[in-house]
Amino acid sequence: MLLALILVPFAAGLVAFAIRHDRRRRAILVGTAVAHAAMTAVAMFGGKPVEPMGEWLDLDTVGLLFLGITSALFLAASVYAVGYLEREVRSEHRDIEEGLLFANAPEAVFTGCLLLFLSTMTLVTVSHHFGLLWVGVEATTLVTAPLIYFHRHHRSLEAAWKYLLICSVGIALALLGNFFLAVAATRESGMPDPLVLQALLQHARQLNVPWLNAAFLCLLVGYGTKMGLAPMHTWLPDAHSEAPSVVSALLSGALLNCAFLGILRVQQVMEAAGQALFGRQLLVGFGLASLAFAAAFILRQPDYKRMLAYSSVEHMGILALGVGLAGAGTFGAMLHSINHSLAKAMLFLVAGNVLAAYRTKLAPEVRGVVSALPVSGTLWVAGFLAITGSPPFGAFLSEFTILRAALDQHRIGVAITYLALLGLIFVGMASIALKMAQGPAPRHAKEPLLSILPPVVLALPVLALGVYIPPPLDRALREIARTLGGS
Amino acid sequence: MNMWIDSVLVFLVLTNFLLLGSRRLAARIRLSAAQGVLLGVLTILVHADNIGLRTLLLAIGTMTVKAGIFPWLVRRALRETDVRRSVEPFLSYTLSVLTGTLLLGLSIWMSSRLPLPGSQAGSLVVPVAFFSIFAGLLLVVSRKTALMQVLGYLVLENGIYTFGIALAYEQQLLVELGVLLDLLVAVFVMGIIIFHISREFDHIEVDRLSTLTDYHP
Amino acid sequence: MNIAGLVHVVGALIFAPFLLGLINRTKAIFAGRTGPPLFQAYFDLLKLLRKGAVYSRTTTWVFRAGPVVSLAAIVTSLFLVPFGAQPAPLEFEGDLILFAGLLALARFFTVIAALDTGSSFEGMGASREVQFSALAEPPLLLGLATLAPLTGSLSLSGMLAGISGGTWLRAGPALALACAALLVVFLTENARIPVDDPNTHLELTMIHEVMVLDHGGPDLAFIFYGAALKLWVLGAVLIGILAPPQTGLFWDATLRLSGMAALAVLTGIIESTTARLRLVHVPQFLAGAGVLSVLALLLVLR
């Protein structure tokens, strides 16, 4: 089952490179997405737990959570992508900002890379071996670079180069962290393979502390680069704004989470080894820094896709902060990861619709989205409210939980900074997003079904989670909070 | 045996310094290839008392990939660019070499704070590994052409590989092979993008790739 | 005062100009010529000593003192250099600083004698010479300092005597790096290619030549002889590190004499095969030597 989850999209991706008919390829894309989602659903609700494959591949609750998010997002994105690709084939390929003509990458590359992307992300979620996890994260970088460079012009090339180089350097540091981890574990003679999570957790008390701390630092910085924590986030606004909206949705919603999973795994080891405090302080620090950077750049941001990208930086900061506060904070962070992924993916897809209709990326030039594109407009406003943490959407609950955790631990400074930065971001995004939504519409555009159905489907859980957390989910989140340390 | 390993490591340090200070592209590519050969030799030397099939495979693989395939990929990527014009980097060459000296001192200090328990290769591997990592990062940060950034990344990976060799655990060789494979694909993709950059922009100076920015004066 | 060490001093005084002849003969062979006779340097010295000197009216006593003091300094430094296991006539802890200082004194007096003429030509050469020598000091001192932890001694005699085959086996790379740095210093201090061309007569490319342009007669003989002695002195230090085995006195002497001859031939080969560096690249070349010596020191100290 675990192998199937990884290999089916991988094989489908390779096949997609070879197929020449667009329609058949798109059918494979959606078909694989459905199959993957079905397998994930079976793993989640099937009743009996999935069998691990040796010590290297296993699906625990954390992995299952992120796998579920990834799978759901990919399903929505693949449906959207079918409509998107159809539009791309028929469009003129004139650059929006500069008016020059450009070409697209071959659609086979796009579809193939998307499927490989799903496969490599799945590998990250099910891997319990740090080396294998590293291979997965590195593979996602390599596979998404062509996706960012789908519209072949100089800006997306620039974005793709920055993405590739910065993330590769970061992931190289994460590899160094893996080696440090191996060193920390080699004193333990009973450990044949020191990078297996189970073994590390078992022998955690005997790990060499300086090396373990050094490993954590390297892994935090390395995977943090991939995740978008400041100050390593510099590739994120460029890559997420220049990529097609479908790709941005997946990058923001799924990939950043998977990178975070790498950090979570090593934090697990740190907690078990009694070095939790060191890890938590670093996470809180990076989290608040990300919030600060995001706030600084969201204010008066002219490009609305870049605004969404910085919002991703902000939310990754919130995730890091939550886990750094531990206990209820971890619970909040995990809940927040679901809320953020769904809401951000929906926002990016809606932004894609806005882009297609208005043909401009600058927010000051977009007015009256609600009247021009009724469904997308409503979703845009709803998404803005959700992503900034307003009730009744789910993000409010998760952010509030994290705030309460900070206050419970008497970390008043952290709580005040957190609130202040969230407030700044709210103000910044409001002045951009709401101005876009209101006003008279310049023209009425049509909204193809395939471009509004996925966002609607993504929006509903976000709304629902704000009001009611189903007990199984609640149980799962509590269990995750327990495994990751704290209570 | 230790002296041979020490000599190879000293040569590695020298190649890093030469990379920091050299001006000509052909020389840099050759230095990078030389590092690959040195790493292959180091792999065999470190595991000299139990050379198995995996060690040989890893050593040969390293040498082929780093000394054969990478220079070939780099030359292919540059086929259509005219990169003979050398661009002065952010940090001048002399200053780069002097900074390298400081970084070497820093690496030695750091490795004295993080002693490696029970290593096979003697106490010089960790400082040299750290130094290669720092030198690679310095190259990535201070050079203006995309190609030099890729070379810096390769030096960074060489340093991490050197550190990996110093360890000795069972599944190590498998992981190293996986890393090598990933590195191969990474450089392949980077080569493709450099090719596109050179075609799109008519230069490969990443310093001039500044259209995407939040600075709106 | 070690009497046996005086043998080395006398030998150096006699044989130093022979090295110059060797270098020139090697270069001639490479160029396909027959070249001057091996003892040409002696004939040149005798010729110069027989001539009279002409002094410009713009010069002062400094100009006359320059060649004498620099020769005296170099001869004194000769007393500090050991030959093989024989300690030098003058040895004490830290004498390597005095060694570097004496060489610096010699250079200093050459430079101020050149500046004393008041000609901008010499001033240009002086500034270049001083810059390159300043950059060459760190490799010299650090290269020699590398030997101190290895041999546990702070005096040149102790250091060079303490190096054995075992030291090479233990710290081969560090010693090799130190030797490379000292070779660069050797080439720099003796104004050899790739730093300076001893045969050039173009004002744009002269460094050392231009400073001694105005001296004639016995003064020039002193300078010429001093240059030969400096070649011997630095070469003896380098050979001392490179040729460690300590056997009986006779074999030691033969080994080291042939080592000096080999070094002279090597210098000739380097001069014939490499081109002179552009002046702006010479500081980087010397900085590279400095880095090599720092690396050697770090390797030894860790």
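Residues numbered from 1 in each chain as written. Chains lettered and ligands numbered in written order. Predicted model: local features only at pLDDT ≥ 70, side-chain atom pairs only at ≥ 80, totals over all residues. Heavy atoms only, no water.

Comments concerning the overall build of chain B
Keep this limit in mind: In this description a helix means any DSSP run of H or I spanning at least four residues, a strand means any run of E spanning at least two, and both kinds are numbered starting from the N terminus. For every residue, the accessible area obtained with a 1.4 Å probe (protein chains only) is divided by the maximum for its type, and the residue is called buried under 20%, exposed over 50%, and partly exposed between those limits. Only the protein chains shown count as cover for residues, and all accessible areas are computed by the Shrake-Rupley method using a 1.4 Å probe.
Tallying secondary structure elements over chain B gives seven helices and zero strands in all. Along chain B, from the amino end to the carboxyl end, the secondary structure elements read α-α-α-α-α-α-α. Counting the 217 residues in chain B, one finds 58% classified as buried. For chain B, the accessible surface area stands at approximately 9,200 Å², while carbon and sulfur atoms represent 63% of it.

Side note on the packing of aromatic side chains
In this description, an aromatic ring pair is defined by two values, namely the gap between the centres and the angle between the planes. Rules: Two aromatic rings, drawn from Phe, Tyr or Trp (for Trp, its six-membered ring), form a pair once their centres lie within 6.5 Å of each other, and the interplanar angle then sorts them: stacked below 30 degrees, edge-to-face above 60, tilted otherwise. Only Lys NZ and Arg CZ are tested; either one counts as a charge over a ring when it is within 6 Å of the ring centre and within 35 degrees of the ring normal.
Enumeration over the complete set of coordinates arrives at 19 aromatic pairs over all chains. Look at Trp211(A) and Phe163(B): their rings are 5.9 Å apart centre to centre, the planes differ by 40°, and that puts the pair in the tilted class. Taken together, the residues Trp211(A) in helix α8 (residues 209-227) and Phe163(B) in helix α6 (residues 146-166) connect one chain to another. Here Trp211(A) falls in the buried class, since its relative accessible area comes to 1%. Owing to a relative accessible area of 0%, Phe163(B) belongs among the buried residues under this scheme. A centroid spacing of 6.1 Å and a plane angle of 80° characterise the contact between Tyr304(A) and Trp380(A), whose relative ring orientation is edge-to-face. One end of the pair, Tyr304(A), is in helix α12 (residues 304-325); the other, Trp380(A), is in helix α15 (residues 374-387), with 76 residues separating them in the sequence. A relative accessible area of 0% means that Tyr304(A) is categorised as buried. Clustering of aromatic rings is evident, with ring pairs tying together Phe180(A), Trp211(A), Phe130(B) and Phe163(B). The ring centre of Phe331(A) lies 5.3 Å from the NZ or CZ of Arg478(A), which sits over that ring. In this structure, Arg64(C) packs its charged tip against the face of Tyr55(C), placed 4.6 Å from the ring centre.

Quick notes on the state of the cysteines
Residue and element names in this part refer to chain A. Applied cut-off: Disulfides are defined as pairs of cysteine sulfur atoms found within 2.5 Å of each other.
This model, assessed by the stated rule, comprises zero disulfides over all chains. Take Cys258: it sits in no disulfide, and the sulfur closest to it among the cysteines is that of Cys167, at 13 Å. You can call Cys258 buried: its relative accessible area is 2%.

Digging into the packing of helix α3 (residues 61-90) of chain A against helix α10 (residues 245-273) of chain A
All names here are of chain A. Applied cut-off: Geometry is summarised by axes, namely lines fitted to C-alpha atoms with helices restricted to the contacting stretch, and by angles between N-to-C directions that run from 0 to 180 degrees. Geometric relationships in this document are graded by angle, where less than 35 degrees denotes roughly parallel, more than 145 denotes roughly antiparallel, 65 to 115 denotes roughly perpendicular, and other angles denote oblique. Should the near helix be turned anticlockwise from the far one by less than a right angle, the crossing is termed left-handed; should it be turned clockwise, right-handed. We call two residues in contact when some of their heavy atoms are within 4.5 Å. Classification convention: Asp, Glu, Lys, Arg as charged; Ala, Val, Leu, Ile, Met, Phe, Trp, Tyr, Cys, Pro as nonpolar; all other residues, Gly among them, as polar.
Remark: α3 packs on α10, axes separated minimally by 9 Å, with the N-to-C direction vectors making an angle of 165°. Relative to α10, the element α3 lies roughly antiparallel. With respect to the hand of their crossing, α3 and α10 are arranged in left-handed fashion. Contacts between α3 and α10 involve Val62, Gly63, Phe66, Ile69, Thr70, Leu73, Phe74, Ala77, Tyr80, Ala81 and Tyr84 from the former and Val246, Ala249, Leu250, Gly253, Ala254, Asn257, Cys258, Phe260, Leu261, Leu264 and Arg265 from the latter. Its residues placed into classes, the contact of α3 with α10 shows 17 nonpolar, four polar and one charged.

Comments concerning the interface of chain B and chain C
Just so we agree on the cut-off: Once two parts are put together, the accessible area they lose, assessed with a 1.4 Å probe and summed over both, is termed the buried area. Salt bridges are identified by distance alone: a Lys or Arg side-chain nitrogen within 4 Å of an Asp or Glu carboxyl oxygen. Pairing of N or O atoms within 3.5 Å defines a polar contact, subject to two protein rules: one partner must be a possible hydrogen donor and the other a possible acceptor, and residues neighboring in sequence count only if both atoms are side-chain atoms.
In this complex, chain B contributes 16 residues to the contact, which on the side of chain C involves 15 residues. When the two sides are added together, the surface that chain B and chain C hide from each other amounts to roughly 1,300 Å², 79% of it contributed by carbon and sulfur. Where chain B packs against chain C, one counts zero salt bridges. At the surface where chain B touches chain C, the tally comes to two residue pairs in polar contact (both at pLDDT 80 or more). When residues of the side of chain B that touches chain C are traced back to their parent elements, those giving at least two are α1 (2-21) and α4 (93-113) of chain B. Here the residues of the side of chain B that touches chain C are counted per class, giving nine nonpolar, five polar and two charged.

Here we look at the nonpolar core
For clarity, the threshold we go by: Working definition of a nonpolar core: buried Ala, Val, Leu, Ile, Met, Phe, Trp, Tyr and Cys residues. They are joined through side-chain atoms within 4.5 Å.
Ranked by internal contacts, the top residues of the largest apolar core, which has 309 residues, are Trp161(A), Met334(A), Trp380(A), Phe163(B) and Phe99(C). At 21 residues, the largest contribution of residues to this core is made by helix α6 (residues 154-185) of chain A. Once residues lying within four places of it in the same chain are set aside, the contact partners of Phe163(B) are Leu176(A), Phe179(A), Phe180(A), Val183(A), Trp211(A), Leu116(B), Val126(B), Ala129(B) and Phe130(B). Core analysis: the next-biggest nonpolar cluster, separate from the first, contains 13 residues, Ala43(A), Leu57(A), Leu123(A) and Leu132(A) among them.

Let's talk about the interface of chain B and chain A
One frequently used descriptor of interface size is the decrease in accessible area upon assembly of the parts. If you look at the interface, chain B gives 44 residues, while chain A gives 49 residues. Approximately 3,900 Å² of surface area, both sides summed, lies buried where chain B meets chain A, with 77% of it carried by carbon and sulfur atoms. On inspection of chain B and its partner chain A, the count reaches zero salt bridges. At the junction of chain B with chain A, the criterion picks out two residue pairs in polar contact (both at pLDDT 80 or more). Of all the secondary-structure elements, those providing two or more residues to the side of chain B that touches chain A are α5 (125-142), α6 and α7 (172-201) of chain B. Ranked by the residues each element gives to the side of chain B that touches chain A, the list is headed by α7(B), at 15 residues. Classifying every residue of the side of chain B that touches chain A by side-chain character gives 30 nonpolar, eight polar and six charged.

Regarding the confidence of the model for chain B
All names here are of chain B. In plain terms, the rule: The score called pLDDT rates the predictor's confidence residue by residue, from a low of 0 to a high of 100.
Here chain B averages 80 in pLDDT, and 88% of its residues register 70 or above. Mean pLDDT across the elements of chain B ranges from a minimum in α7, with 74, to a maximum in α5, with 91. This complex was scored by the predictor with a pTM of 0.85 and an ipTM of 0.89.

Observations concerning the pattern of salt bridges
Applying the stated rule across the entire model yields 19 salt bridges over all chains. Two residues, Arg478(A) and Asp474(A), come together in a salt bridge whose shortest N-O distance is 3.2 Å. Taken together, the residues Arg478(A) and Asp474(A), both in helix α19 (residues 471-483) and four residues apart, mark about one turn of the helix. Arg478(A) gets classed as partly exposed once you look at its relative accessible area, which sits at 48%. For Glu189(C), the salt bridge is made with Lys230(C), and the minimal N-O distance between the two is 3.4 Å. Of this pair, Glu189(C) sits in helix α7 (residues 165-189) while Lys230(C) sits in helix α9 (residues 218-242), placing them 41 residues apart in sequence. Since its relative accessible area comes to 4%, Glu189(C) is described here as buried. Connected via shared salt-bridge partners are Asp22(A), Arg25(A), Arg26(A), Glu86(A) and Glu107(A).

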